[in-house]
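Observations on the model geometry
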Amino acid sequence: MPDAPHVSIVIPVYNEEGILRGSVLELEEKLRGFDWSYELLLCENGSRDRTVEIGREIEIEHPKVRMLSAGAPNYGLAMRMGILEARGTFVICDEIDLLDTEFYARAMALLERSDTDLVVGSKAMVGSNDQRPLFRRTATRVYNGMLRVVCHYPGTDTHGLKAFRREALLETARRCVLDRDVFASEFVIRAHREGKKVVEIPFAVREKRPPSINLLKRVPHVIKSVAKLAISVRRG
């Protein structure tokens, strides 16, 4: 097995046949500007199109790419799988429709030059630039408000991009019990409650395509999951 990379980049993918290959090529081109070694983990979850087939082709053609499959449409399960499979000293969790390497640079500077354990990219804090439709921006603020009330989380966002020290947060990921939409929130909130140094930084959201899952259809599940999350993190 080759030496472990400095950075693992984890990207959940679901029904992304239209942008997957082009996005990977775009990201690898951007990563040429960094002086660290990396691996790119594409974490497929229940796609019904050619995402898996295209991902396997990319994996063969590009040695730094690893294609994983959770087998079910479950974003949180895919992200957790990628984090647990990552081999890098640092892990960056990105989205296939964002690929914000400016966030990578700023987050890695914090992780490598300070005692920061986890960097969260916030879409809601001062200095951010959220270009999504008004309805989605409002939903983010409502969701984060719920987390502040029921989980006492002091931050402004839990679903933005993330970068962290793998050694510091690996067991935190293993302790998470929720998946789907809420895994990312549980991961960040648990890190905060465990005394990890969590830092938020603003970032720009410029999505390449509409979300793959209808937001309204997710609302009932998210409300139930937030209640479960409050119970889970209080139990430890």
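Residues numbered from 1 in each chain as written. Predicted model: local features only at pLDDT ≥ 70, side-chain atom pairs only at ≥ 80, totals over all residues. Heavy atoms only, no water.

1. Some details on the packing of helix 5 (residues 134-151) against helix 7 (residues 183-193)
Where helix 5 meets helix 7, the closest approach of the two axes is 13 Å, and the angle between their N-to-C directions is 40 degrees. As summarised for this structure, helix 5 and helix 7 are arranged oblique, according to the angle between their axes. In this structure, helix 5 crosses over helix 7, and the sense of that crossing is right-handed. Judged by residue contacts, Tyr143, Leu147 and Cys151 of helix 5 engage Ser185, Ile189 and Arg193 from helix 7. For the contact of helix 5 with helix 7, a count of residues per class yields four nonpolar, one polar and one charged. (Axes fitted to C-alpha atoms, helices over the stretch in contact; angles between N-to-C directions. Helix = DSSP H or I, 4+ residues; strand = E, 2+ residues; numbered from the N terminus. Parallel < 35°, antiparallel > 145°, perpendicular 65-115°, else oblique. Left-handed = near helix turned anticlockwise from the far one by under 90°. Contact = heavy atoms within 4.5 Å. Nonpolar A, V, L, I, M, F, W, Y, C, P; charged D, E, K, R; others polar.)

2. Looking at unusual backbone geometry
The phi dihedral of Leu99 is positive, around 50 degrees, even though this residue is not glycine. Among the structural elements, Leu99 can be located in the loop between strand 4 (90-93) and helix 4 (101-113). The exposure class assigned to Leu99 is buried, which follows from its relative accessible area of 1%. (Buried < 20%, exposed > 50% of the residue type's maximum accessible area, 1.4 Å probe, protein only.)

3. Section: the nonpolar core
Generally speaking, nonpolar side chains in soluble globular proteins are found buried as a group. Counting residues in hydrophobic clusters, the biggest one holds 35 residues, and the most contacted among them are Phe164, Phe187 and Leu229. Contributing elements (two or more residues each) for this core: strand 2 (38-44), helix 3 (75-85), strand 4, strand 5 (118-122), helix 5, helix 6 (166-175), helix 7 and helix 8 (215-235). Dropping the residues within four chain positions of it, Leu229 is found in contact with Leu147, Cys151, Leu178, Val182, Ser185, Glu186 and Ile189. Leu20, Leu99, Phe103 and Phe203 belong to the second-largest nonpolar core, a separate cluster that totals 33 residues. (Core = buried A, V, L, I, M, F, W, Y, C linked by side-chain atoms within 4.5 Å.)

4. Re the sheet that holds strand 2
Ordered in space as 3-2-1-4-7-5-8, the seven strands form an open sheet in which the pairing is mixed. Edge positions in the sheet fall to strand 3 (65-69) and strand 8 (198-202), since each of these pairs with one other strand and no more. Averaged over neighbouring strand pairs, the angle between their axes works out to 20 degrees when direction is ignored. When strand 2 meets strand 3, the two strands line up parallel, connected through five bridges. If you follow Leu40 over to strand 3, its bridge partner there is Val65. Lying over the sheet, helix 3 contacts strand 1 (7-13), strand 2, strand 3, strand 4 and strand 7 (162-165), oriented at roughly 150 degrees with respect to strand 2. (Pairing = 2+ DSSP bridges.)

5. Overview of the pattern of salt bridges
Tallied over the full model, the rule gives 15 salt bridges. A salt bridge links Glu26 to Lys30; the shortest N-O distance between them is 3.1 Å. With Glu26 and Lys30 both in helix 1 (residues 20-31) and four residues apart, the pair spans about one turn of that helix. (Salt bridge = Lys/Arg side-chain N within 4 Å of Asp/Glu carboxyl O.)

6. Description of the side chain of Asp130
Within the secondary structure, Asp130 sits in strand 6 (residues 129-130). A polar atom in the side chain of Asp130 sits 2.7 Å from the side chain of Arg132. Once residues within four sequence positions are removed from consideration, Asp130 is found in contact with Lys123, Arg137 and Val205. (Polar contact = N/O pair within 3.5 Å; in protein donor to acceptor, adjacent residues only side chain to side chain.)

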